[in-house]
Structure formats: C-alpha cells, structure tokens
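So the chains spell out like this:
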Amino acid sequence: MVLLHVLFEHAVGYALFTLKEVEEISLLQPQVEECVLNLGKFHSIVRLVAFCPFSSSQVALENANAVSEGIVHEDLRLLLETHLPPKKKKVLLGVGDPKIGAAIQEELGYNCQTGGVIAEILRGVRLHFHNLVKGLTDLSACKAQLGLGHSYSRAKVKFNVNRVDNMIIQSISLLDQLDKDINTFSMRVREWYGYHFPELVKIINDNATYCRLAQFIGNRRELNEEKLEKLEELTMDGAKAKAILDASRSSMGMDISAIDLINIESFSSRVVSLSEYRQSLHTYLRSKMSQVAPSLSALIGEAVGARLIAHAGSLTNLAKYPASTVQILGAEKALFRALKTRGNTPKYGLIFHSTFIGRAAAKNKGRISRYLANKCSIASRIDCFSEVPTSVFGEKLREQVEERLSFYETGEIPRKNLEVMKEAMVQAEEAAVEITRKLEKQEKKRLKKEKKRLAALAALASSENSSTPEEHEETQEKPKKKKKQKFQEAPQENGMDEPSVSASKPKKKKSFSKEELISSDLEETAGGSTSPQKRKSLPKEEAASEPEEAARSVPKKKRKFSSKEEPVSSGPEEAAASKGIAKKKKKKLQRTPQED
C-alpha cells in the first residue's frame, strides 16, 4: 500500500493533502476525473492534512521565488518534516512542478511524482481550495493571488525608474509642439511690430532675437547711441546693431501709440519665455537620452533617436523592429501609397534628419540609409537589454558609419565589424567598471547620510525620554510640599500649637478689613464653644497657654462696629473684660450730668 500526499502551493500558503490508500495510483485517475467537479465526492477522496499560511506578502513573494527557482524554502521544509510520516519509503509526494519535486527528493529524501493523476488532483484542489480550507473565502483567495502576481512580475522585470522612456516620448512631442507654436507667435510679432519698424525684419532673421529686440526697442524714435551697447549684446554683432540704429532714424514705418507698444512688448516677452523654456527642455531631453539610450543618441543624435522611440512607442518596441522597418519608420503613408500605386517605395523615414544622409551623394542616399538603419537597430538592442548603460558601442557604430561614407566617396576599405566590436567590448567593460564604482560611491554616501540622520533622531528621542521622568518627579514633589504646608497650618488655626513653636516663629502683622476681622472672631468663638468635657481632657499646660494666646490675639486698636454688627465674645475672659469696659462707660456717663 502506498500513501499518497499532494503538495499544493497557493498565494495564501502551502497546503498538504492526503488521498485514500490504494495499491496502484493509476487506479485513482478515473475516480478523480469523475468527482473533480463535485465537491462532496471530491472531499471523500481528498482530505486536508495541514495548512501553513504565509505571515505577510513579502514572505509569500520569497516562497514564490523559491518555488519558481526550484529551491526548498524553510517554511516548506518545516511543513513537510512535521506532517509527513517518518517512514519515507512508504510515502509518495505529488507536486505540480518537476523542479521543486527534484529539490525535495534530493534534500528531504521523499519520492516525488508529477503528471498523470497528480495533475487531475491539483486541478480539483485549485477549483475547491477555498472550500477545503476553513476560514478562507473565494474573494480573499483571489485578492491574494492578484497581489502576489503583481509583486512577482514586478520583481522579475526589475523595473528601473531612471530608464523610463515615457518621459522621452512626452518631451520630444512637447518639443515639436513648442517649435510650431514659437514659429507661429514669432510671425505674429513680426507682422505686428513691422507696422512700426518694417526694416528690422530684413536685418534680423532669428525669431527669438527679433522678439527680444522688439521688446527692448519699443518706440524706434527713442533709440539712440546710448542703447547701442545693449543692441550689440542682444544681436551679438556690432554691424547689425549699427544697421538697426541707422534704420531706426530713416524708417518708413507708421507711428504707434503707447498702449499698442505695451501689448506688443507683453506678447514679445511671452514668446521669449517660451523660447527659453524650449532650450531648457532640450537640455533635459539630452540628459534623459544619455541615461535611457546612450548608444542610440551617440550614433544618430538625441532628437532623431527620441523621435524613433516615440514613433515606435517604447525603446523595447524599437529594439524588436528589424532594420528594414527602422529605415522607413515615419514614412508609412508614402510606403502604402507606393504599394497601392506600384511605384517606388521610400528609402528613408525619420532617419533622414540625421547628418549622414544629408552628407551623402544623391546616388548613395539609399545605401547609407540602409546601413544607418542597421546600426540603429543594433544600438537600440544594446541600450534596451544591457544592464549598465554606456555610450561606447554607439561611438564605435558612428565611426563605422563615417568609414562607410568615406568608402562611398574615396573607395577606402573600412574596418571589419568583428574588429570594431572587440575593441568596443574591452572599452565597454572598463566603462562599466567605472560606472559601477561611481554608483557604489553614491550609494555609500547615501547610506552614511541615512545613518547620521537615524542617529540624530535616536539621540533626540532618548533626550526627550530622559527629560520626561525628571519633569514627572518635579510635578510629584510639588503637591507633597503643599500638603506639608497645609498640614502645618491646620493645627495653628485650631489653636493646638505648642508654645515653643509659636514663640520660635512669630507671625507678621497684617492689616485686615472689617469683614475679615469679624469672620476671624466668629471662627474663634466657634473654636471656643467646645464642650467642657473636651476642655477638661486637655492637659494643664495647654489650658495655661490658652489665656496667654487670647491676650496676645486681642488687637491693640479699638474696633468700631456698626449698629447691625455686634462684637462676638471668644471666651469667658473676653466676656468679663467687655463687662468691665461697659461699667466704666456707665460711670463716665453718670459723672458727666452731675458735673454739668
């Protein structure tokens, strides 16, 4: 009896299934074929033994790469060693990929089988996988497959941001559009300013220079010898500047108002800014072509190479084209017209704008265009599929085209392609080593900066963490001190202080208002009206100290009370003193009428 297990790799994890025991595995194939579409019947044959889910998308990508390369990942090794029986000879493992099967058999010693009934079982497992694993839905399984597929393909392509040809396509299209617009606007400025100064058109041919001069001159009557130096700077020619000055003095143009001049100058400034932006865009295109297609730009020029890439759609599409297609790329309309009318097909398309075809004789234009298209296809393939972009091959191919041109003119035999390519290979290796060294230096500098930044952030975080406990301790100490102060003040208010403490710390005299004095007297009366039992329980020393404190607490100044406010006694001693004062007053009152 052979115990058959099946390994299934999914985007969410590894699954291990077991089938019912049979003498021969081939006998299972008709049963499996019958019950693949029916979940109930398929579940009676196949049973889930173990499921090992991936912890993250990164782990899933690592396992997918390992399976595609035929490497046993640690997760897969742990699953098989844990859940397969220890007797390896009686176990047969079915896998879908022969590479991973051979790796498992070599490393773990389990017999592996592919094809036949295993393929049918895996087809059924793939169909019913979300029903065989608990907690897995069809929607979540599809999402996991989609995400893993995108990440796997992105990792295989090894996408490089610096070698994107979409920017070249957009920039060359914008450059062509800017050329058309600047030409149209410049003609409008020439016509508009020509009413006032028609002689300037014949002297200045460049559109951007004409717009700058129209903006600078303005009214031609205001042009004098003082502005001659500025005119020489703009025209970069002293003779032209002198001619403009002479023409302004004897011009046949009409007079123009100030508002018209303002509009002409503002429009001229817009045209000048567009021409300046066109120059900056051209420098950007050159730098981008040196990164993406250095060989093609060295061979045929940045503008023509960018137009070829834009017309093909991408650098990859251009690399797939044969040399005959590259030769007539851009002349499709003429080609189909010639095929329709059975006339002569075009000899060149976009590559006509290169300098080689213009330099060749009329009878050699077709030959040199065919040769140039051949070298362009080679250069585009080198740029597309080389890991380190270098312009060595483009320079060598350009030398070959120059030699072919001289051969057509003088008959001098050019070098063989094999010799040229051997030299290019040696130089390309040296250039690649230098480029990689520069890239490594840049990467080291970037890593150093990143380490410094992280260290500064860690130091800042540690300083903040160390300062917070100290602040917390300070905030905890402050309320404790306040509590101590309150605890010391409470017995003083109740009159329970010892005489030594009260004598050692004399209180400062404070000026009180009437209401505060009355409230203090009320508190003292409330404190004095305690029960006599509590007073008896006090020690004799405290009882002796009370009259002394009461005598000290009596203010020296006499208080004046209103009719509503009556003095409140704070004890029997104070009551006796108040009675004596009242008797003295009565005696004084009785004496006064007798004396009268």
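The name given to the protein chain in an unreviewed UniProt entry is Nucleolar protein 56, with the source organism recorded as Chinchilla lanigera. Under the heading Sequence similarities (unreviewed entry), UniProt records this for the protein chain: "Belongs to the NOP5/NOP56 family." The Subcellular location (unreviewed entry) comment attached to the protein chain in UniProt states, word for word, "Nucleus, Nucleolus".

1. Some remarks on helix α11 (residues 228-235)
Every buried residue of α11 is accounted for by Leu 228, Leu 231 and Thr 235. When α11 is viewed along its axis, its buried side chains cluster within an angular range of 55° and face the same direction. In the segment just after α11, Met 236 is the residue with positive phi, at about 55°.

2. Some details on the packing of helix α10 (residues 207-217) against helix α13 (residues 258-292)
Contact geometry for α10 and α13: axes closest at 9 Å, N-to-C directions at 145°. Every pair of crossing elements has a handedness; the one defined by α10 and α13 is left-handed. Here Ala 208, Cys 211, Arg 212, Ala 214 and Gln 215 of α10 come into contact with α13, specifically with Glu 265, Ser 268, Ser 269, Val 271, Val 272, Ser 275 and Glu 276. Its residues assigned to classes, the contact of α10 with α13 comprises 5 nonpolar, 4 polar and 3 charged.

3. What about the environment of Glu 120?
Within the element layout of this structure, Glu 120 appears in helix α6 (residues 117-132). Counting along the chain gives 90 residues from Glu 120 to Pro 30, while the straight-line C-alpha distance between them is 9.8 Å. Apart from residues lying up to four places away in sequence, Glu 120 is in contact with Val 32, Glu 33 and Val 36. Polar side-chain contacts of Glu 120 include one of 2.8 Å to the side chain of Arg 123.

4. Some thoughts on the sheet that holds strand β4 (residues 91-94)
With mixed pairing, 5 strands are arranged side by side in an open sheet as β3-β2-β1-β4-β5. Among the strands making up the open sheet, the edge pair consists of β3 (46-53) and β5 (111-113). With direction set aside, neighbouring strand axes in the sheet form an average angle of 25°. Both strand β2 (residues 13-19) and β3 contribute to a ladder of 7 bridges, which runs antiparallel. What sits directly across from Phe 17, in β3, is Leu 48. Helix-sheet contacts for helix α5 (residues 98-107) involve β1 (3-9), β4 and β5, and the interaxial angle to β5 is about 170°.

5. A look at unusual backbone geometry
A positive phi angle, close to 55°, is found at Met 236, a residue other than glycine. Looking at the element boundaries, Met 236 is found in the loop between α11 and α12 (238-249). The phi dihedral of Arg 342 falls on the positive side, at around 60°, and the residue is not glycine. Judged by relative accessible area, which is 79%, Arg 342 ranks as exposed.

6. Let's talk about the side chain of His 73
Turning to its location among the elements, His 73 is positioned in the loop between α3 (57-68) and α4 (74-83). Using a relative accessible area of 19% as the deciding quantity, one classes His 73 as buried. Those residues in contact with His 73, other than ones at most four positions away along the chain, are Tyr 14, Glu 62, Asn 63 and Ala 66.

7. Observations regarding the confidence of the model for the protein chain
Per-residue confidence for the protein chain gives a mean pLDDT of 79, with 75% of residues at or over 70. For residues 478-515, every residue scores under 50 in pLDDT, and the model assigns this stretch 8 contacts once sequence neighbours within four places are set aside. Throughout residues 522-572 the model reports pLDDT below 50, and contacts reaching past four residues in sequence, or to other chains, amount to 18 contacts.

8. Considering the nonpolar core
Judged by nonpolar contacts, the single largest core of 38 residues is most densely connected at Leu 296, Leu 299, Ile 300, Ile 309, Leu 318 and Leu 372. Every element with two or more residues in this core is listed here: α8 (166-194), α13, α14 (294-300), α15 (302-312), α16 (315-320), α19 (355-359), α20 (365-385) and α21 (392-410). Apart from the residues lying within four places of it in its own chain, the contact partners of Leu 299 are Phe 356, Leu 372, Lys 375, Cys 376, Ala 379, Gly 394, Leu 397, Arg 398 and Val 401.

9. Overview of the pattern of salt bridges
Any two side chains of opposite charge can pair, on the condition that their charged atoms come close. Across all of its chains, the model carries 19 salt bridges by this definition. In this structure, Glu 403 and Arg 415 form a salt bridge, with 3.0 Å as the shortest nitrogen-oxygen distance. Remark: Arg 415 occurs in the loop between α21 and α22 (417-494) and Glu 403 occurs in helix α21; sequence separation between them is 12 residues. Of the residues examined, Arg 415 reaches a relative accessible area of 30% and is grouped as partly exposed. In the salt-bridge network here, residues are joined through shared partners; they are Lys 396, Glu 399, Glu 403, Arg 415 and Glu 423.

10. A look at the environment of Val 36
Its place among the elements puts Val 36 in the loop between α1 (28-35) and α2 (39-45). Among the residues examined, Val 36 registers a relative accessible area of 1% and is labelled buried. As for Val 36 and Glu 120, which are separated by 84 residues in sequence, their C-alpha atoms are 7.8 Å apart. Not counting chain neighbours up to four residues away, the residues in contact with Val 36 comprise Phe 42, Glu 120, Arg 123, Gly 124, Leu 127 and His 128.

11. Some points on the side chain of Ser 251
Take Ser 251: it is sitting in the loop between α12 and α13. Of the polar contacts made by the side chain of Ser 251, one reaches the backbone nitrogen of Gly 253; its length is 3.2 Å. In this structure Ser 251 touches His 196, Phe 197, Pro 198, Glu 199 and Arg 220, once residues within four positions along its chain are discounted.

Each value, and the rule that gives it
Residues numbered from 1 in each chain as written. Predicted model: local features only at pLDDT ≥ 70, side-chain atom pairs only at ≥ 80, totals over all residues. Heavy atoms only, no water. UniProt positions renumbered as here; feature names shortened; annotations may be inferred. Buried < 20%, exposed > 50% of the residue type's maximum accessible area, 1.4 Å probe, protein only. Helix = DSSP H or I, 4+ residues; strand = E, 2+ residues; numbered from the N terminus. Arc of directions from axis to C-beta. Axes fitted to C-alpha atoms, helices over the stretch in contact; angles between N-to-C directions. Left-handed = near helix turned anticlockwise from the far one by under 90°. Contact = heavy atoms within 4.5 Å. Nonpolar A, V, L, I, M, F, W, Y, C, P; charged D, E, K, R; others polar. Polar contact = N/O pair within 3.5 Å; in protein donor to acceptor, adjacent residues only side chain to side chain. Pairing = 2+ DSSP bridges. pLDDT = per-residue confidence, 0-100. Core = buried A, V, L, I, M, F, W, Y, C linked by side-chain atoms within 4.5 Å. Salt bridge = Lys/Arg side-chain N within 4 Å of Asp/Glu carboxyl O.

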